[in-house]
Structures are given as C-alpha cells and as structure tokens.
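Here is what each chain is made of, one letter per residue.
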Amino acid sequence: LNSWATLAINPDGGNVAVGTTDPHGYKLAVAGSMIAESVRVMVQSTWPDYVFAKEYVLPELKSLDDHIKENGRLPDIPSAADAEKEGVDLGDMNIRLLKKVEELTLYLIDQNKKLILQSEKLDAQDKINDELRKEISQLKTKL
C-alpha cells in the first residue's frame, strides 16, 4: 500500500475500513469521499409501483400543504437535522423519492384533466358569447 492509504481488514468478520481503522460494525466503511462509476443498491422493501394501483389513496394536496407548513418537509422524508445526524440510506431514500415522483405524476395528470375540461368549457362559453353578441347586434339594428 502507498504511505497515504489506510486500509484495515478484519479477517474474523470480513469488515473492511478505508481511510480509518474502525469500520464501526459496517462491512465496508470509508472515511472520506469515494467515487465509483456505478453503484447498485439492491432494495429489500416494496418498490412504490403500488402508487398507481386503483386502491391507492393519493394524499389530498391540502394535507400535504399543511404538513409542509408544519414540518418544513414532505411526509415520509427525513428532516435535514435527521439526515445530517444519521445519514441517509440510499436504497430507502430512492424508494421514498420515487414514491413522491409517482404521486406528483398523478397530481399532474389530474390537473391536466381538469385543465382540459376547463378549456373545453371556456371554448363552449366563448361560442355562446359570440352567438349572444351576434343576436344583440341583430336586435340593435332592428331597433
């Protein structure tokens, strides 16, 4: 090893420490930054595709607004203080963030449907207004 590297391997438990001699109970502990071309996290919990199931109850936007005002963060997302203190499990956080993205997608789809309905209604009202203007104009010329 180079003189600038610190590597500790515990042959009994198979733990590896890089940049430190104590892996703190983890199989791999790195003191400092690391870089990788790819990292695969194999999650053992439920992937949030259930958000798209018909029986899934999407939280009301009002309740989300209230939660954000009260807690300063989205539901099921750790606070900045907790993240700084305890760190963040990447697999778990990816699942939580994907759930939020899927919920946002459903909100967006719902808003788009409402926008289309409002646009159709506005077009119909514009058509009625144009017809009424013509009728008013015709009545004025008759008077």
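The structure under discussion appears in the preceding block.
The model shown is predicted, which means the values in this text are computed figures rather than measured ones. (Residues numbered from 1 in each chain as written. Predicted model: local features only at pLDDT ≥ 70, side-chain atom pairs only at ≥ 80, totals over all residues. Heavy atoms only, no water.)

With that settled, the discussion passes to the pattern of salt bridges. With the rule as written, the count across this model stands at 7 salt bridges. Ionic pairing is found between Asp 92 and Arg 96, a salt bridge with its closest N-O pair at 2.8 Å. Taken together, the positions of Asp 92 and Arg 96, both in helix α3 (residues 90-142) and 4 residues apart, correspond to about one turn of that helix. A relative accessible area of 30% means that Arg 96 is categorised as partly exposed. Lys 100 is paired through a salt bridge with Glu 103; the nearest N and O atoms lie 3.7 Å apart. With Lys 100 and Glu 103 both in helix α3 and 3 residues apart, the pair spans about one turn of that helix. (Salt bridge = Lys/Arg side-chain N within 4 Å of Asp/Glu carboxyl O. Helix = DSSP H or I, 4+ residues; strand = E, 2+ residues; numbered from the N terminus. Buried < 20%, exposed > 50% of the residue type's maximum accessible area, 1.4 Å probe, protein only.)

The next subject is the environment of Asp 22. With respect to the helices and strands, Asp 22 occurs in the loop between β2 (16-18) and β3 (28-30). Note on Asp 22: relative accessible area 38%, which makes it partly exposed. Sequence separation between Asp 22 and Leu 90 is 68 residues; the distance between their C-alpha atoms is 22 Å. Filtering out sequence-adjacent residues up to four positions away, Asp 22 remains in contact with Ala 17 and Ala 29. At 2.9 Å, the side chain of Asp 22 forms a polar contact with the backbone nitrogen of His 24. (Contact = heavy atoms within 4.5 Å. Polar contact = N/O pair within 3.5 Å; in protein donor to acceptor, adjacent residues only side chain to side chain.)

Another point: the side chain of Lys 100. Classification of Lys 100 by relative accessible area gives buried; the value is 10%. If we skip the residues at most four places from it in the chain, Lys 100 touches Leu 74, Pro 75, Asp 76 and Ile 77.

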